[in-house]
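Okay, here's what each chain looks like letter by letter:
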Amino acid sequence: MDNDPNWQLDAGWAWGAPTGEGSWNGDPNSGRTGRNVIGYELSGDYANSMLEPQYAAVGPIDCRGYRNIRLSFWRWLGLESPYDSAAVQVSNDGINWVDLWISGYSHISDQAWQFVEYPMPASLADDQATLYFRWAMGPTDDSVTYPGWNIDDVQITGDRIQ
């Protein structure tokens, strides 16, 4: 993400260079490729007592003529799960969202960049004129914080419909 992708970023989200700060294993010192990422609190930990999720969103993406749509990206994530929450979601209307991934019951404390890929439900994504994707941070409880999301090298791919 060397160039600002101009995503819609709620409070706490930013495009820029992570500082390597934060508790547990901390944030990375740079993007997976290049210097910059989309991240939540690039210079440390997310806040306690977040009542509502904050989102980093991209879209609309035109997927007409494609099927087997997949979202892939590299993450460096620190999360006090299940007390704090994170998710990756997709929508074809920007209103109704489907979870592709939600944090589970184990803490997450990445020590290196992790590749992740999520297939889209065919009924939601195949041959759609608009797809939206978003990453959620929060809500959080009132104690213990981690560094949150760092996202790099995001790709949306699919197979051309014959």
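Please refer to the structure placed before this passage.
The structure displayed is predicted, hence computed values, not measured ones.

Colleague: What is the right way to look at the pattern of salt bridges in this model?
Modeller: Note on pairing: side chains with opposite charge can pair once their charged atoms come close. Scanning all chains against the criterion turns up 5 salt bridges. Residue Arg64 is joined to Asp62 by a salt bridge in which the shortest nitrogen-to-oxygen separation is 2.6 Å. According to the relative accessible area criterion, Arg64 is exposed, its value standing at 52%. In this structure, Asp110 and Arg75 form a salt bridge, with 2.8 Å as the shortest nitrogen-oxygen distance. With Asp110 in the loop between strand S9 (108-109) and strand S10 (114-119) and Arg75 in strand S5 (residues 66-75), the pair connects residues that are 35 residues apart, well separated along the chain.

Colleague: Even after reading the chapter, I still don't get the packing of aromatic side chains, so can you show me in this structure?
Modeller: Two numbers describe a pair of aromatic rings. These are the distance of the centres and the angle of the planes. Within the structure shown, the criterion is met by 9 aromatic pairs. Here Trp24 and Tyr146 contribute two aromatic rings whose centre-to-centre distance is 4.8 Å and whose plane-to-plane angle is 15°, an arrangement assigned as stacked. One end of the pair, Trp24, is in the loop between strand S2 (13-16) and strand S3 (37-40); the other, Tyr146, is in the loop between strand S11 (131-137) and strand S12 (150-160), and 122 residues separate them in sequence. A residue is classified by how much of its surface remains accessible, and Tyr146, at 4% relative accessible area, is buried. Between the aromatic rings of Phe73 and Tyr118, the centroid separation amounts to 6.2 Å while the plane-to-plane angle is 45°, which identifies the pairing as tilted.

Colleague: Looking at this structure, how should I read the pairing of S5?
Modeller: Walk down a regular strand and you will see the side chains alternate between the two sheet faces. Of the strand pairs in this sheet, S5 and S12 are connected by 7 bridges, and their pairing is antiparallel. In the sheet register, Tyr66 faces S12, and the bridge partner there is Arg160. Note that S5 and S10 share 6 bridges and pair antiparallel. Note on S10: the bridge partner recorded for Arg70 is Pro119.

Colleague: Could you clarify how one ought to interpret the side chain of Glu80 in this entry?
Modeller: Examined against the element boundaries, Glu80 turns out to sit in the loop between strand S6 (78-79) and strand S7 (86-91). Nearest to the buried, unbridged Glu80 among oppositely charged side chains is Arg75, at 16 Å. In this view, Glu80 contacts Tyr46, His107, Asp141, Ser143, Val144 and Tyr146; residues no more than four positions away in its chain are not counted.

Colleague: Is there a simple way to think about the environment of Cys63 in this case?
Modeller: Of note, Cys63 is situated in the loop between strand S4 (54-61) and S5. Separated by 71 residues in the primary sequence, Cys63 and Arg134 have C-alpha atoms spaced 16 Å apart. Once residues within four sequence positions are removed from consideration, Cys63 is found in contact with Ile69, Ala125, Asp127, Gln128, Ala129, Leu131 and Ile156.

Colleague: Would you take a moment to explain the nonpolar core for this structure?
Modeller: One recurring pattern in soluble globular proteins: nonpolar side chains tend to sit buried together. In this structure, Trp13, Phe73, Val88, Met120, Phe133, Trp135 and Trp149 are the most contacted members of the largest nonpolar core, which totals 33 residues. Within the residue set of this core, elements represented by two or more residues are S3, S4, S5, S7, strand S8 (98-102), S10, helix H1 (122-125) and S11. Counting residues per element, this core draws most heavily on S11, which supplies 4 residues.

Colleague: Please explain the pairing of S11 as it appears in this structure.
Modeller: With 6 of its 7 residues buried, S11 lies for the most part within the structure. Pairing of S4 with S11, which is carried by 6 bridges, proceeds in the antiparallel orientation. For Ile61, the partnering residue across the bridge sits in S11 and is Leu131. Note: S7 against S11, 6 bridges, orientation antiparallel. The partner of Gln89 across the bridge, within S11, is Arg134.

Colleague: In this structure, what is going on with the environment of Gly104? I would like to understand it.
Modeller: Examined against the element boundaries, Gly104 turns out to sit in the loop between S8 and S9. Overall, Gly104 belongs to the partly exposed group, its relative accessible area being 35%. Discounting chain neighbours no more than four positions away, the residues touching Gly104 are Ser81 and Pro82.

Calculation notes
Position numbers for residues start from 1 in each chain and track the written sequence from start to end. Two thresholds apply to this predicted model, a pLDDT of at least 70 for residue-level local features and 80 or more for giving and counting side-chain atom pairs, whereas whole-chain, interface and lining totals are computed over all residues. Only heavy atoms go into the side-chain values, all of them from the structure, while hydrogens and water stay out. In what follows, salt bridge is the name for a side-chain nitrogen of Lys or Arg lying within 4 Å of a carboxyl oxygen of Asp or Glu. Buried residues are those whose accessible area, probed at 1.4 Å on protein chains only, stays under 20% of the maximum for their type, while exposed residues exceed 50% and partly exposed ones sit between those limits. Helix numbering and strand numbering both begin at the N terminus, where a helix is a DSSP run of H or I of at least 4 residues and a strand a DSSP run of E of at least 2. Aromatic pairing here means that ring centres of Phe, Tyr or Trp (its six-membered ring) are within 6.5 Å. Orientation follows from the plane angle: under 30 degrees is stacked, over 60 is edge-to-face, and everything else is tilted. Note: two strands are recorded as paired if DSSP finds a minimum of 2 bridges between them. Charged residues are defined here as Lys and Arg on the positive side and Asp and Glu on the negative side; His and the ends of the chain fall outside this count. Throughout, a residue-residue contact means that at least one pair of heavy atoms, one from each residue, lies within 4.5 Å. Buried Ala, Val, Leu, Ile, Met, Phe, Trp, Tyr and Cys residues that are joined via side-chain atoms within 4.5 Å together make up what is termed a nonpolar core.

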